[in-house]
Number of protein chains: 2
Amino acid sequence: MKPPDIQDIEAAADRLSGHAVHTPLLENPALNEQVGARILLKAETLQRTGSFKFRGAFNFLSQIEPETRATGVVAYSSGNHAQGVAAAAKIFGIPATIVMPADAPAMKIENTQSYGANVVTYDRRNEDREKIAADIAGRHGATLVPPYDHPWTIAGQGSVGLEIAAQCAERDAQPDAVLVCCGGGGLTAGIATALADRIPTASVHTVEPDGFDDTRRSLDAGSPVANDMNATSICDALLAPAPGEITFAAMREHNVTGLAVSDSAVRAAVAYGWRVLKLVLEPGGAVTLAAILDGVFDARGKTVVATLSGGNVDAETFRMCLEEA
Amino acid sequence: MKPPDIQDIEAAADRLSGHAVHTPLLENPALNEQVGARILLKAETLQRTGSFKFRGAFNFLSQIEPETRATGVVAYSSGNHAQGVAAAAKIFGIPATIVMPADAPAMKIENTQSYGANVVTYDRRNEDREKIAADIAGRHGATLVPPYDHPWTIAGQGSVGLEIAAQCAERDAQPDAVLVCCGGGGLTAGIATALADRIPTASVHTVEPDGFDDTRRSLDAGSPVANDMNATSICDALLAPAPGEITFAAMREHNVTGLAVSDSAVRAAVAYGWRVLKLVLEPGGAVTLAAILDGVFDARGKTVVATLSGGNVDAETFRMCLEEA
C-alpha cells in the first residue's frame, strides 16, 4: 500500500468535519518570551477522546463497507488509538474489541470501555499484540484497524496538518519548523504530507523519548531500525517497536528528521503545561514541548509549531511530574 | 463614575489587540453529550497570566497619563488581579506594588513577583486591604488600580464578551445563556454590557461559591448585600466582600441573575476539567462548569457559554480536587 496523497488527506478532513474537534492553535506569551521564539501549539489534547487518534480511527472506520461493519473491528493500542477506535466505532454502531497492554494507564482502559468497547489485555513484554489482534479478527471476521501503518489512518491524522496550515495563514505565521510527537509515525507522516503541499518551506521533525528513538535512527540510517524493547520510558503512547513501512516511506519522502528527549525533560514539560500553559498533557503528548524547553530543538528566533498529541494521563503519573519538575 | 458603554468596551478591545490572548471558545463532544446541551467554554485560563484579569489591568494602565506612570501603581488582590497588574505594569515599564493576602496560593504570589512587582502581604481576616493599598498609594503618589469597580477595569473585561459574540457568530451558535464566574462582578458587568449590544437575547448569570453569593443575593434584593466574611470557600479568587457599586449597577441594568455552587461541586468540576476537558482550572475558574455539571443551572437542550476565568491553582489544591472527586 502507498502513503496517502494530499487529496486523500483532504477527503479525510471532509469526512471528519462535524465529528472531530477543530482544535485550536494556541500561543502563550510567557512561553514565547522564555524561548525567544514564536511557538504555536496545536492542542490535540482537546480533540475528542483526548488525543489526535480519533481522526485516523474515524477516517478508517468510515471506509469500511457497510456490510462488513456488523462483524466488528479489532485494534491493538497502548491507549489513545484504543479510545479513538472505540469512540469512532460507537458513532458508526460497530462492535469493537481492543487489545491493550495490561500496564496501560488505568484512565485509558476505563475510557476505552466507556465507549462500549470490549477490552482484552496482554503482557507487553512477553506477548505479541499483533498476533492476538489478528487471532481475534480471524475468529470473528472482524476488521483490524491499524494504529498507524495504513493510508486511511495516516490520511486521518494528516487533517491535523491541513488545520495547522490554515490556522497559521489566518494569523500570518510562517512556520520554519513543525515538531510532531512520534510513536509509529502516523501523525508525522500525515502532517508531513499535508505540509509538503501547504507549507513546503517548513521542516518537519519527529520527537521521541530516549530509548524509543527508532524513527530518528531509521531516518538517519535510511532504512527501518527497531528499538531495544527492554528500554523503558514514561511516554506510554510512544513505545512503538519500529516505524511502519508506509509511515517511514512518507517521512523519508518529505525529508523528516528526528529528535529525542529524556524522561526528565518530559516530566518538566508536563509540569510546565500545568503551571504556565494551563493544559493537561500526557508525557507522550509533551515531548515536542520538552524538545523546545530543553533546547534539544533550538527554536530561538524561529516560528515553530509544536503538536501536543494527547492528554490522557493517570493522576499518579501527573502528580509525579508536578512533584519532580 | 458610570459603567462603561459598548464604545468603551470596543476601545478597550482595540487597546488589548496584540497584547491579550484572543482565547479560544472550546467545545467538547463528551461534555455536550453528558449534559445534553451545547456548551461553549470561553477559556480565559489560556489568557496571559492565566486569567482574564490581564485585560482589565492592561486597559486601566494604558490610560494612566505618561507623566503619572513613574510614580507607579498599587493594587490589592487575592492573586489573579495581582498577576494581571504586574504583567501589564511590566509591559508599560511602570513600578508596581501589590497587596496580597498572606494565605493566597503560593503560585499566585510567586507569579506576581516574577513580573517584577513588589508584593506586600496582609492578614485577610484582620486587616483592611483597601486601607493598606491607599496608604501605599498616598505615600508614593502611586495610582491605585481597582480590581473590579472601575469603568476602565470593567471595559477591559468586557472584551471577553465581544470575543464570545464574534466566536459564536463564526460557528453559527446562538447562546441562550452565558454563565460568568463572579467575585466583585467586573467580568460579569463587562460581558453583560457587551452582550446586551451583540446578543441581547442571551441571559447572563453570575456563578459564585456558597457563602460568597453576595451578587446573587444583591441582585435578588435589588440593592447591595455583603457576605459574612467568616465564610470559607476553596474559590480563593471569588471571595470579594460585596458587589462593586459600578459593577452592580451594570449587572442590574442588564438583568443579570445569580447562581451559587458548593465547594464539592467545584472540586468535581476541577477534576472533570483535568480528566475530560484536559484543561487546568482553578476552583474559582470552574464554578460555571460546576453549575452546569451539578444541575444548579439546567442547561439541557440549550446553547450555553461558560466562562472559565482562571487556572492559577497550587499543586496541593489541584491534587485534592483530583482525589476527592
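Computed from a predicted model, the values in this text were never measured in an experiment.

Along the backbone of chain A there are 14 helices and ten strands. Rg of the C-alpha trace for chain A: 18 Å, near the compact-globule value of 20 Å for 325 residues, within the 12% margin. With the C-alpha coordinates of chain A rotated into their principal frame, the extents come out at 55 × 45 × 40 Å. By the burial criterion, 62% of the 325 residues in chain A qualify as buried. Nonlocal contacts in chain A, meaning residues at least 24 apart in sequence, comprise 75% of its contacts between residues at least 6 apart.

On to the relation of the copies chain A and chain B. Least-squares fitting of chain A to chain B yields an RMSD of 0.0 Å, with the superposition described by an axial translation of 0.0 Å and a rotation of 180 degrees. Accordingly, the operation relating the two chain copies is best matched by a two-fold axis. Residue L279 of chain A of chain A places its C-alpha closer to the rotation axis than any other residue of that unit, at 2.5 Å. When you check the interface residues of chain A against chain B, 100% turn up at the interface there too, and the contact is symmetric in its surfaces.

We now examine the interface of chain A and chain B. At the interface, 26 residues of chain A touch 26 residues of chain B. Across the chain A to chain B interface the summed buried area is about 2,200 Å²; carbon plus sulfur atoms make up 67%. Taken as a group, W274, K278 and V280 of chain A account for 31% of the area that chain A buries against chain B, more than any other trio of residues on that side. Across the contact surface, chain A and chain B share four salt bridges. Salt-bridge contacts for E323 of chain A lead to R319 of chain B; the nearest nitrogen and oxygen are separated by 3.3 Å. For the pair chain A and chain B, the interface holds eight residue pairs in polar contact (both at pLDDT 80 or more). The leading source of residues in the side of chain A that touches chain B is helix 14 (residues 315–324) of chain A, at five residues. Counted by class, the side of chain A that touches chain B contains 14 nonpolar, four polar and eight charged residues.

Residues and elements named next belong to chain B. Interaxial distance between helix 1 (residues 6–16) and helix 8 (residues 151–170) falls to 8 Å at its minimum, and their mutual angle equals 90 degrees. As far as their axial angle goes, helix 8 and helix 1 are roughly perpendicular. Across from I6, D8, I9, E10, A12, A13 and L16 in helix 1, the residues of helix 8 making contact are A155, G156, G158, S159 and L162. Residue composition of the contact of helix 1 with helix 8, by class: seven nonpolar, three polar and two charged.

Here the focus is the domain arrangement of chain A. Residues and elements named next belong to chain A. What the domain assignment reports for chain A is domain 1 (6–51 + 150–324) and domain 2 (54–144). Put simply, the middle of domain 1 and the middle of domain 2, counted by C-alpha atoms, are 23 Å apart. Between domain 1 and domain 2, the residue contacts involve 33 residues of the former and 22 residues of the latter. Broken down residue by residue, the surface that domain 1 buries against domain 2 is led by R15, T49 and W152, which jointly contribute 27%. At the boundary of domain 1 with domain 2, the tally comes to four salt bridges. Across the pair R55 and E163 runs a salt bridge whose closest N-O atoms are separated by 2.9 Å. Remark: the boundary between domain 1 and domain 2 carries 15 residue pairs in polar contact (both at pLDDT 80 or more). Among the secondary structure elements, those contributing two or more residues to the side of domain 1 that touches domain 2 are helix 1 (6–16) and helix 8 (151–170). Take the side of domain 1 that touches domain 2: its biggest share by element is eight residues, from helix 8. Of the residues contributing to the side of domain 1 that touches domain 2, the split by class is twelve nonpolar, 13 polar and eight charged.

This next bit is on the packing of aromatic side chains. For the coordinates displayed, the defined rule picks out nine aromatic pairs over all chains. Aromatic rings pair up to connect W274 and F318 of chain A together with W274 and F318 of chain B into one cluster.

Moving on to the pairing of strand 3 (residues 73–76) of chain A. Residues and elements named next belong to chain A. Burial along strand 3 is two-sided: V73 and A75 and V74 and Y76, pointing in opposite directions, are all buried. Note on the crossover from strand 3 through helix 5 (residues 80–92) to strand 4 (residues 96–101): the handedness is right-handed. The pairing of strand 3 with strand 6 (residues 143–144) spans two bridges and is classified as parallel. Counterpart to V73 in the pairing with strand 6 is T143.

This part takes up the sheet that holds strand 1 (residues 25–27) of chain B. Residues and elements named next belong to chain B. The six strands lie next to each other as 1-2-10-7-8-9, forming an open sheet whose pairing is mixed. Every other strand in the sheet has two partners, leaving strand 1 and strand 9 (257–261) as the edge strands with one partner each. With strand direction ignored, the average angle separating the axes of adjacent strands in the sheet is 30 degrees. Taken strand by strand, helix 9 (residues 186–198) contacts strand 7 (177–181), strand 8 (203–209) and strand 10 (303–308), and its axis lies near 160 degrees from that of strand 7.

What follows covers the environment of A315 of chain B. Along the polypeptide, A315 of chain B turns up in helix 14 (residues 315–324). Spatially, the C-alpha atoms of A315 of chain B and A106 of chain B are 9.6 Å apart, while their sequence positions differ by 209 residues.

Of note, the phi angle at D172 of chain A is positive, near 55 degrees, even though the residue is not glycine. In this structure D172 of chain A comes out as exposed when scored by relative accessible area, which is 68%.

Counting 89 residues, the largest nonpolar core has I39 and F318 of chain A together with I39 and F318 of chain B as the members making the most contacts within it. Element by element, the count of residues in this core is highest for helix 12 (residues 263–277) of chain B, at nine residues. The residues touching I39 of chain B, leaving out its near neighbours within four places in the chain, are L26, E27, L31, N32, I292, A299 and V304 of chain B.

A few words on the sheet that holds strand 6 (residues 143–144) of chain B. Residues and elements named next belong to chain B. Taken together, the four strands give an open sheet; going across it, the order is 5-4-3-6, and neighbouring strands pair in parallel fashion. With one partner strand each, in any of the chains shown, strand 5 (118–122) and strand 6 form the two edges of the open sheet. Helix-sheet contacts for helix 7 (residues 129–140) involve strand 3 (73–76), strand 4 (96–101), strand 5 and strand 6, and the interaxial angle to strand 3 is about 175 degrees.

What follows covers the pattern of salt bridges. All chains considered together, the criterion is met by 32 salt bridges over all chains. Ionic pairing is found between D213 of chain A and R217 of chain A, a salt bridge with its closest N-O pair at 3.1 Å. Close ionic contact of K108 of chain B with E282 of chain B constitutes a salt bridge, the shortest N to O distance being 2.7 Å. On the criterion of sequence distance, the pair formed by K108 of chain B in helix 6 (residues 106–114) and E282 of chain B in the loop between helix 12 and helix 13 (287–293) is long-range, its members being 174 residues apart. Assigned by exposure class, K108 of chain B and E282 of chain B land together as buried. Through salt bridges with shared partners, one network takes in K42, E44, R55 and E163 of chain A.

Procedures and definitions
Residues numbered from 1 in each chain as written. Chains lettered and ligands numbered in written order. Predicted model: local features only at pLDDT ≥ 70, side-chain atom pairs only at ≥ 80, totals over all residues. Heavy atoms only, no water. Helix = DSSP H or I, 4+ residues; strand = E, 2+ residues; numbered from the N terminus. Rg over C-alpha atoms; globule rule 2.2 N^0.38 Å. Buried < 20%, exposed > 50% of the residue type's maximum accessible area, 1.4 Å probe, protein only. Contact = heavy atoms within 4.5 Å. Least-squares fit on C-alpha atoms with pLDDT ≥ 70 in both. Buried area = accessible area lost by both parts, 1.4 Å probe. Salt bridge = Lys/Arg side-chain N within 4 Å of Asp/Glu carboxyl O. Polar contact = N/O pair within 3.5 Å; in protein donor to acceptor, adjacent residues only side chain to side chain. Nonpolar A, V, L, I, M, F, W, Y, C, P; charged D, E, K, R; others polar. Axes fitted to C-alpha atoms, helices over the stretch in contact; angles between N-to-C directions. Parallel < 35°, antiparallel > 145°, perpendicular 65-115°, else oblique. Domains from an automatic or database assignment. Phe/Tyr/Trp six-rings, centres within 6.5 Å; stacked < 30°, edge-to-face > 60°. Right-handed = clockwise from strand over helix to strand, strands pointing away. Pairing = 2+ DSSP bridges. Core = buried A, V, L, I, M, F, W, Y, C linked by side-chain atoms within 4.5 Å.

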